[in-house]
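Spelled out from the first residue to the last, the chains are:
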Amino acid sequence: QVLSLPPFKYITSDDYRLLLNHLLAIDHLERLETGALIVGLAGEKVARNWRFFAVFQDTDEYTVHDGSREIGSINQEPVIGELIALAGASWEVREVDSQRRQVSVQAAPGRAAIAWSGTSACVHERVLEQMRKVLLTDETEYRYLQPGALARLQAARAWAKTQQLDRRQVIPWDQGVFCLLPWHGSRAFRTLERILRFYGGNLGVRSVSGSAPYYLMVQTEGVSVSGFEQDLSQFKGKIHSGAQLLGPQEAPRLHKYDAFIPSELLRKAYTHDQLSIY
């Protein structure tokens, strides 16, 4: 009966069985002698709380630690491997303790956004397509722009023409550093970013930073632009499953009740909802 409801249209009986067994194990459900299922003692505490029916997740603070040193706090659970900006520096998330609400990080080169790609709102690829069109079209002017904004747009268009952005996506930035402009939406950008983080060592990549879903700054070990583009194109063809872009123990919690979902389903949800494997 439950699987016949519209929200469960694409949920398999195996996945639903896995969820029910997990809820039984954590005492959110209880099985009677007749085989019927009722809300368990732990589930009662959640269901009878006034926050139960709220759509959005309550704000929870996570303390951020670099070794034994506490460097600050954030109000969302980040994803392992991503960069956050805190205390005037960029940090790579190494470990997340959801129970103790602690995040372990290490210093990372480059610039990071405070909004992480794993939890921020998704930007559709059509938005990026339109941005690229505006940037590469010199004839179109927008009368509503203030003089400063118009000058900024003209300067950006001139730079785009100089860098040949109409046919290039990888721009040399510094010695061994490239600026990568994917022109994709959030899901495809996040997928590319994870490919570089997990398998960048095979491409000569030392570090990755940037601002999702607009650009990535890639620091390499003296790799040429053509070599990097060719190797990246070939390597992307070897990624056939989102599971290849998740750490062995990684199960990102992005939604309100993810804490009650088994890790296997959280991993599956992340690969389906947050990544784009072509």
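Refer to the structure printed above.
Residues numbered from 1 in each chain as written. Predicted model: local features only at pLDDT ≥ 70, side-chain atom pairs only at ≥ 80, totals over all residues. Heavy atoms only, no water.

**Considerations on the side chain of Ser 186**
Convention followed: Put simply, DSSP H or I for four residues or longer makes a helix, DSSP E for two residues or longer makes a strand, and each gets a number counted from the N terminus. Nitrogen and oxygen atoms within 3.5 Å of one another constitute a polar contact, given that in protein one can donate a hydrogen and the other can accept it, and given that sequence-neighbouring residues count only through two side-chain atoms.
Along the chain, the position of Ser 186 falls in helix H5 (residues 186–199). A distance of 2.7 Å separates a polar side-chain atom of Ser 186 from the backbone nitrogen of Val 123.

**Things to note about the sheet that holds strand S3 (residues 62–66)**
Rules: Note on pairing: two strands pair once DSSP finds at least 2 bridges between them. Axes, fitted as lines to C-alpha atoms, cover a helix only where it is in contact. Angles between the N-to-C directions of the axes lie from 0 to 180 degrees.
Here we have five strands laid out as an open sheet, ordered S4-S3-S7-S6-S5, and mixed in their pairing. Bordering the open sheet on either side are strand S4 (69–74) and strand S5 (83–86), each of which pairs with just one other strand. The mean inter-strand angle of the sheet, taken between neighbouring strand axes irrespective of direction, is 40°. Pairing geometry for S5 and strand S6 (residues 89–97), over four bridges, is antiparallel. Its bridge partner lying in S6, Leu 86 is registered against Ala 89.

**Some remarks on the packing of aromatic side chains**
Counted only if it meets this: When the centres of two rings from Phe, Tyr and Trp lie within 6.5 Å, Trp using its six-membered ring, the rings pair. Their planes under 30 degrees apart give stacked, over 60 give edge-to-face, and anything left gives tilted.
In this structure the tally under the stated criterion is nine aromatic pairs. An aromatic cluster of at least three residues, connected via ring pairs, comprises Phe 52, Phe 53, Tyr 257 and Phe 260.

**A few points about the pattern of salt bridges**
As a reminder of what qualifies: One side-chain nitrogen of Lys or Arg within 4 Å of one carboxyl oxygen of Asp or Glu is enough to make a salt bridge.
Following the criterion strictly, the structure yields seven salt bridges and no others. The partner of Arg 48 in a salt bridge is Glu 44, and the shortest N-O contact between them spans 2.5 Å. Notably, a salt bridge pairs Asp 66 with Arg 69, separated by 3.3 Å at the nearest N-O pair.

**Some details on the pairing of strand S10 (residues 205–211)**
Stated formally: Accessible area is worked out with a 1.4 Å probe on protein chains only. A residue is then buried under 20% of its type maximum, exposed over 50%, and partly exposed in between.
A large share of S10 lies buried, amounting to six of its seven residues. Hairpin connection of S10 to strand S11 (residues 215–220): three residues between the antiparallel strands.

**So, the packing of helix H3 (residues 125–136) against helix H4 (residues 147–162)**
Worth spelling out the cut-off: These descriptions rest on fixed angle ranges, namely under 35 degrees for roughly parallel, over 145 for roughly antiparallel, 65 to 115 for roughly perpendicular, and the rest for oblique. Contacts are assigned to residue pairs that have any heavy atoms within 4.5 Å of one another. For this classification, the nonpolar set comprises Ala, Val, Leu, Ile, Met, Phe, Trp, Tyr, Cys and Pro, the charged set comprises Asp, Glu, Lys and Arg, and every other residue, Gly included, is treated as polar.
Here H3 crosses H4 at 90°, and the two axes come no closer than 8 Å. When the axis of H3 is compared with that of H4, the two are roughly perpendicular. Listed contacts from H4 to Val 134, Leu 135 and Leu 136 of H3 are Leu 153, Ala 156, Arg 157 and Ala 160. Looking at the contact of H3 with H4, its residues break down into six nonpolar, no polar and one charged.

**Looking at a nonpolar patch on the surface**
Our working definition: The patches reported here contain residues having more than 30% relative accessible area and no salt bridge. Joining distances are 9 Å for like charges and 5 Å for nonpolar side chains (Val, Leu, Ile, Met, Phe, Trp, Tyr). For every accessible area listed, the method is Shrake-Rupley and the probe measures 1.4 Å; residues are considered covered only by the protein chains on display.
Residues Val 127, Met 131 and Tyr 214 make up a contiguous nonpolar surface patch of about 250 Å² in total accessible area. By the secondary structure assignment, Val 127 is in helix H3. Residue Val 127 is classed as partly exposed on the basis of its relative accessible area, which comes to 41%.

**Comments concerning unusual backbone geometry**
A cis geometry characterises the amide bond from Ala 212 onward to Pro 213, with omega recorded as -5°. As for its placement among the helices and strands, Pro 213 is situated in the loop between S10 and S11. Positive phi is not limited to glycine here, since Trp 183 has a value of about 55°. As for its position among the elements, Trp 183 is in the loop between strand S9 (177–180) and H5. The exposure class of Trp 183 is buried, given its relative accessible area of 15%.

**Regarding the nonpolar core**
We count it as follows: As used here, the term nonpolar core means buried Ala, Val, Leu, Ile, Met, Phe, Trp, Tyr and Cys residues forming a set that is joined through side-chain atoms within 4.5 Å.
Among the nonpolar cores identified, the biggest contains 22 residues, and Leu 180, Leu 196, Val 205, Leu 216, Phe 228 and Leu 232 are the most heavily contacted of them. Only S9, H5, S10, S11 and helix H6 (225–236) provide two or more residues apiece to this core. Top element by residues in this core is H5. It accounts for four residues. Not counting the four nearest positions on each side in its chain, Val 205 is found in contact with Leu 196, Gly 200, Val 218, Gln 219, Thr 220 and Phe 228.

**Quick word on the sheet that holds S10**
Two modes of strand pairing occur in sheets, parallel and antiparallel, and in both the strands are linked by backbone hydrogen bonds. Overall, antiparallel pairing links the four strands, which are arranged S8-S9-S11-S10 in an open sheet. Every interior strand has two partners, whereas the edge strands, strand S8 (170–174) and S10, have only one. Shown here is a sheet whose adjacent strand axes are inclined to one another by a mean of 25°, direction ignored. Two strands pair when backbone bridges link them, and S10 and S11 are joined in this way by six bridges, in the antiparallel orientation. Bridge pairing links Ser 211 to Tyr 215 in S11.

This is a description of form; function is not addressed.
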